[in-house]
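Topology and contacts: notes
Single-letter residue listing:
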Amino acid sequence: MTIVDEPTVTADEPTPPPKPGWLRAALAFLRNAWRGLTAMRTALVLLFLLALGALPGALLPQRDLNPNNVVTYISQHGWWGRLLDKLQFFSVYSSVWFASVYVLLFVSLVGCLLPRAFEYTKQLRAKPVITPRNLARLPHHSKSEVDGAAEDVLTAVDGELKGWRRIRREESAGVHTISAEKGFVREFGNLVFHYAMVGLIVAFALGKLFSYTGQVIVMANGSTWCNSGVLQYDSFTPGLRVDGTDLDPFCLKINDFAAGYLPDNQPISYNSDIEYQSGSNLASDTWVPYDLKENSPLRTAGDRVYLISHGYAPQFTVTFPDGQVRTGVIQWKPDDNSTYLSEGATKFDPPDTTDPDQLAKKQLAVTGLFAPTAVMSGGLISSTSPALTDPEVSADIYQGDLGEDAGTGQSIFTIDQNMVTEGKLDKVASANLKPGQSTTLKDGTRIRFDNVQQWVDLQVAHDPTQDYVLLFAVLMLLGLITSLTVKRRRIWVRVTPADQGPGAGRTVVEIGGLARTDQAGYGEEFGKLSARLTDAARAPGRKDD
Amino acid sequence: MPVNEQIAQYSNWAYTSAVAVYVLAMFLYLGEQVFSRTRAKSEMAEMAEARELVGAGGGGISIVEPGDPVDTGRPGDRPLSERLGRMAVALTVLGLVVHLLSIVLRGVSVHRWPLGNIYEFMSFFSLIAISAMLVMFRRFPIRRLGAFVLLPVLILMFLGGTVLYAQAEPVQPALQSYWLVIHVTVVSTASGILLVPGVSSLMYLIRGAHDRNPSRFARFAPKLPTAATLDRLAYRTTIFGFPLFTFGVICGAIWAESAWGRFWGWDPKETTSFVAWVVYAAYLHSRATAGWRGNRAAIINIVGLAVMIFNLFFVNFVDTGLHSYAGVGS
Ligand code: HEM
């Protein structure tokens, strides 16, 4: 099937009135450009460019996946890296050149699909083509003589061709033909495939505009979290048309987290026991339980909530010299994903102090390393397993000015080393603590490692068009299968009464076949079909018995 | 559940045995090549024509290939090349059974679907490629291709069994999903199937070059199936493998949506799948475009296979996308 290759007949187009030369030239250029763009060959070239253009995205680090690798790559490759960067090779899928290829392809696709759809509806209405005069010259042909009147033979053969689109014609006195075709669904499947692809591209693009994802860490100790605004997130990536003002409202309560491990410490399961409320449950404050785990996001209120990762949060209680007690718990960051040796900084303000000078002398930070399954060697802590079997903190305690109001955003996992070098923050103690153990500073402040809590890293994703993308993808698949499996076949039968010679009274049945697709496969098929038709012709009326 | 080391060991033995049997089969296929007589060019052309007529003339089902000896039915009468060829096929089937056993045992030993790391992908890919080849043997007179399908398969199986070997282990929580099972099974199956058209297209190029200039590949090409057969074989296998691959990619997107929070993120594996998909779409288009049929289409198909194999086994080494934790070695 080569639609573009067939010459188009444009015989009786009305002649347009003469136009000025430049206009004609411009129109001719546009027409040629359009024809060129919608030609199959162009589509082919564009497909190649698309494949070629997408490839660097797999071979070079990409900003939106791995910004740090991009920086490393550029610094390691000097001018070459900078050139690639200028040419947008580190964000291929939002680059100008990638966009132009797929926009061109998209236009080409639409431009070649519209005429094809018209063509197809015309074909559907058209009658099967007239029977060629000489059937013997077709690629497939058979001829036989049968008993019975031409009329009956014709009816019998016609009955055998059920399911084919066919038409009977009378060529000359007594000579009848049947033209039959089948396989129109093929072109239909092909059109469905291509249109669904258009739909998929549009849905995908819309999704990029209206989706958002955000990430947030929540303590798995009954803490609640609500999707009430961008500020609730630790990081938030909006689509181009999302300003973050009306996120889908829902709330989560994270009750617990548990990981399962094999004896060799390989994790085999992550579960978080959560509750959520959305819709009318928000007003009535009803919580619905859900077992959040890998591969099983919570889907609610048009959003999805994923369990991305987890970690530990050692809890410390500080008893100040005046007897006041403060408890602090904040996530520590796993440094090693196989052992969950984590680092962090749990920070405390002295109680009842508003005087900035006092604050600056008396702020506390418990920093260091936390091991869920601790082993000490040479005074250094390390962890042998990510499971919480024998937790221990190797803590350095700092006292002084944490510098939190210096205006520069501070990492929650570390203290500001500048404060230490400036002498405003001093290390006042070091201790290895197991749960329940404590250490006392010179000024009488007591710091106790109470226990370990867990946190979960949640990702919230919103993509209003993803269901449509799936729908179009499935349509594409169905269209593709149809278009690749259905074969287009033509068959013609000519029934001629043999009223001369020795065979008088009998009927000559001549059958010719032509394959529009997969020619080579038609031979065997035609053989069987013509045998069936001839059998039917031999016993006309058998069906009526 | 812990890994059953004993069974894992049996699985490895079966794997090695399968490789050994395939190697033997490959040499037998080559033997068939070497010992078959080449016919003169003109005679071949005649036979090709005769074949076309047989095909066109109705009930023509048995297709006689040039160079194929006529089978008289009595084993003693068969020429050496024919006997070698038959032994090769028998050995391939034997190898396949042992190979399948190795995969099943692997699954039993780790209590999971045996498609969790590169070694296992390679093994499964090879199993499918060889099965696809055997199925196509029944449809097309292409036994002469046996060695050329087995060669790349054996290279992959060798790599899989040595440098890329991965211990029998359970997989990470993110990989435990029935979508994963469907996705990786379908994608590896499609890739395995697509090896056949890739090899066939390569042979098509060789055969075509020879047909245009008989002095090229003069010793080797005449023993290949005809260019028309190779072209049809490539097309028919591709139109089976390509929709399957499409289905596999869709399953992958569904899985990614539930595991990683987005159905498509242009990670290296996804990107390369996309590229492969587009290349195969280009192949189908090229067959419908004047001037692109024949050699160009064959080249596109080969490129498609190269991208598929790169994607299935080697993208994991390029960068650390999300997919890469699907198990590189160690
Ligand atoms: C992203 C772009 C495209 C993809 C992935 C794609 C894919 C496909 C596939 C897989 C087929 C095979 C169906 C078959 O062999 O019957 C096909 C057929 C076809 N495509 Fe496309 N296509 C694309 C763009 C285009 C464009 C832009 C045009 C027109 C300029 C076009 C015109 C055709 C035609 C005419 C056929 C029928 C060929 C035949 O029946 O063999 N396609 N397309």
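What you see is a predicted model; the values in this text were computed from it and never measured. (Residues numbered from 1 in each chain as written. Chains lettered and ligands numbered in written order. Predicted model: local features only at pLDDT ≥ 70, side-chain atom pairs only at ≥ 80, totals over all residues. Heavy atoms only, no water.)

**Observations concerning the sheet that holds strand E23 (residues 506–515) of chain A**
Residues and elements named next belong to chain A. The antiparallel open sheet is built from five strands, whose spatial order is E1-E23-E22-E3-E2. Strand pairing shows two members of the sheet lacking a second neighbour, strand E1 (140–146) and strand E2 (165–172), which therefore form its edges. Taken pair by pair, the neighbouring strands of this sheet meet at an average axis angle of 15 degrees, ignoring direction. Pairing between E1 and E23: seven bridges, direction antiparallel. Paired with valine 146 across the two strands is threonine 507, which belongs to E23. Along the sheet face, helix H11 (residues 522–538) touches E1, strand E22 (489–498) and E23 and points at about 15 degrees away from the line of E1. (Pairing = 2+ DSSP bridges. Helix = DSSP H or I, 4+ residues; strand = E, 2+ residues; numbered from the N terminus. Axes fitted to C-alpha atoms, helices over the stretch in contact; angles between N-to-C directions. Contact = heavy atoms within 4.5 Å.)

**A closer look at the packing of aromatic side chains**
With the rule as written, the count across this model stands at 32 aromatic pairs over all chains. Plain terms: the ring middles of tyrosine 312 of chain A and phenylalanine 370 of chain A are 5.5 Å apart, the flat faces sit at 55 degrees to each other, and that makes the pair tilted. A residue pair is termed long-range when its members are at least 10 positions apart, and tyrosine 312 of chain A in strand E11 (residues 303–319) and phenylalanine 370 of chain A in strand E15 (residues 363–371) qualify at 58 residues. Across the pair, exposure class does not vary: tyrosine 312 of chain A and phenylalanine 370 of chain A are buried alike. One aromatic cluster is present, formed by Tyr93, Phe98 and Tyr102 of chain A together with Trp264, Trp266 and Phe274 of chain B through successive ring pairs. Positioned over the ring face of phenylalanine 204 of chain A is lysine 208 of chain A, at 4.8 Å from the centre of the ring. If you follow arginine 488 of chain A out to its NZ or CZ, it ends over the ring of phenylalanine 184 of chain A, 5.1 Å from the centre. (Phe/Tyr/Trp six-rings, centres within 6.5 Å; stacked < 30°, edge-to-face > 60°. Buried < 20%, exposed > 50% of the residue type's maximum accessible area, 1.4 Å probe, protein only. Lys NZ or Arg CZ within 6 Å of the ring centre and 35° of its normal.)

**Things to note about the interface of chain B and chain A**
The interface is formed by 60 residues belonging to chain B together with 63 residues belonging to chain A. Here chain B packs against chain A, burying approximately 4,800 Å² in sum over the two surfaces, 66% of which is carbon and sulfur. Put simply, chain B and chain A have two salt bridges between them. A salt bridge links arginine 304 of chain A to glutamate 257 of chain B; the nearest nitrogen and oxygen atoms lie 2.9 Å apart. Scanning the region where chain B abuts chain A turns up seven residue pairs in polar contact (both at pLDDT 80 or more). Only helix H2 (41–56), helix H7 (227–260), helix H8 (268–286) and helix H9 (295–318) of chain B provide two or more residues apiece to the side of chain B that touches chain A. In terms of residues, the side of chain B that touches chain A owes the most to one element, H7 of chain B, which gives 15 residues. Partitioning the side of chain B that touches chain A into residue classes produces 36 nonpolar, 16 polar and eight charged. (Buried area = accessible area lost by both parts, 1.4 Å probe. Salt bridge = Lys/Arg side-chain N within 4 Å of Asp/Glu carboxyl O. Polar contact = N/O pair within 3.5 Å; in protein donor to acceptor, adjacent residues only side chain to side chain. Nonpolar A, V, L, I, M, F, W, Y, C, P; charged D, E, K, R; others polar.)

**A word on the pattern of salt bridges**
All names here are of chain B. Within this structure, the stated rule accounts for 30 salt bridges over all chains. Arginine 287 is paired through a salt bridge with aspartate 231; the nearest N and O atoms lie 2.9 Å apart. Of this pair, arginine 287 sits in the loop between H8 and H9 while aspartate 231 sits in helix H7; the two residues are 56 residues apart in sequence, bridging distant segments of the chain. Judged by relative accessible area, aspartate 231 falls into the partly exposed class, the value being 21%. One network of salt bridges, in which partners are shared, links Glu32, Glu82, Arg86, Arg143 and Arg144.

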